[in-house]
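Reading the structure
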Amino acid sequence: MTATDPARTALTQGWGALSLLHGRIEAHIERALQSHHDLSVREYSLLDALSRQHSGEGGHLQMKQVADAVVLSQSATTRLVTRLEDRGLLSRYLCPTDRRGIYTDVTDPGLRLLDQARPTHDTALREALDDAARDPELAPLVRAVETLRLPA
């Protein structure tokens, strides 16, 4: 495969379009969340991921799972958790069955903020997708995102 190979060029163009779509969506959501709720996209994503935990078997996420959910390194996730904990939106406590493990939960104020921010997030996402759908290069990706169904 050479640098001018059509398959490689198509792959590179596809990746570029996907990266462009992601960047546009994230920037639009970031502006909306910051201006209305003083939250970043990463903070919102962390609150959202942690709010889905439950107290049953396997219901709490380990820090690596949290990092994967918000697409950050473990150290960046720890800093993000600390920042939200300092704002009173998260709390940490030791795992009752493994004293080395630390769980993170969303506090009541964190849940209230998440509930207030969710409509803003969803509206901004819809706006960003609608805007991107008008771009011929991004329209196929928007359609793919809109029809993607992940297993529950």
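Structure: above.
Below: a short report on this structure. Computed from a prediction, not measured in an experiment: that's the story for all the values here. Think of each chain on its own: its residues are numbered from 1, step by step along the sequence as written. Reporting of local features is limited, given that this is a predicted model, to residues whose pLDDT is at least 70; pairs of side-chain atoms are given and counted only at 80 or more, and all residues count toward the totals for whole chains, interfaces and linings. Calculated side-chain values reflect all of the structure's heavy atoms, with hydrogen atoms and water omitted.

Re the environment of L46
The numbering of helices and of strands both runs from the N terminus, where a helix is a DSSP run of H or I of at least 4 residues and a strand a run of E of at least 2. Tracing the backbone shows L46 in helix α2 (residues 41-51). Take L46: its relative accessible area is 0%, and that puts it in the buried class. Between the C-alpha atoms of L46 and V81, which are 35 residues apart in sequence, the distance is 8.0 Å. With near-sequence residues (within four places) excluded, L46 lies in contact with V66, V70, L80, V81, L84 and L90. Working definition: with a 1.4 Å probe on protein chains only, accessible area under 20% of the residue-type maximum means buried, over 50% means exposed, and in between means partly exposed. Residue contacts are counted whenever heavy atoms from the two residues lie within 4.5 Å of one another.

Let's talk about the pattern of salt bridges
Criterion for a salt bridge: a side-chain nitrogen of Lys or Arg within 4 Å of a carboxyl oxygen of Asp or Glu. This structure, assessed with the given rule, holds 13 salt bridges. A salt bridge links E43 to R83, with the nearest nitrogen and oxygen atoms 3.4 Å apart. With E43 in helix α2 and R83 in helix α4 (residues 74-86), the pair connects residues that are 40 residues apart, well separated along the chain. Using a relative accessible area of 42% as the deciding quantity, one classes R83 as partly exposed. As a salt-bridge pair, R126 and E146 come within 2.4 Å of each other at their nearest N and O atoms. Placement of R126 in helix α5 (residues 108-133) and of E146 in helix α6 (residues 139-147) is noted, with a sequence separation of 20 residues between them. On the accessibility criterion, E146 (35% relative accessible area) is partly exposed. Among the ionic contacts, a cluster of salt bridges with common partners joins D38, E43, R83 and R87.

Observations concerning the side chain of T77
As for its placement among the helices and strands, T77 is situated in helix α4. Classification of T77 as buried rests on a relative accessible area of 0%. Not counting chain neighbours up to four residues away, the residues in contact with T77 comprise M63, V66, A67, V70 and L72.

A closer look at the packing of aromatic side chains
The geometry of an aromatic ring pair comes down to the distance between the two centres and the angle between the two planes. Paired rings are identified among Phe, Tyr and Trp, the last through its six-membered ring, by centres lying within 6.5 Å, and are further divided according to the angle between planes into stacked (under 30 degrees), edge-to-face (over 60) and tilted (the rest). Enumeration according to the criterion identifies one aromatic pair in this entry. Seen in terms of ring centroids, Y93 and Y103 are 5.7 Å apart; in terms of plane orientation they differ by 75 degrees. Their pairing is edge-to-face. Within this pair, whereas Y93 is found in strand β1 (residues 90-94), its partner Y103 is found in strand β2 (residues 102-106), the two being separated by 10 residues in sequence. A relative accessible area of 32% means that Y93 is categorised as partly exposed.

The values are spatial; any link to function lies outside them.
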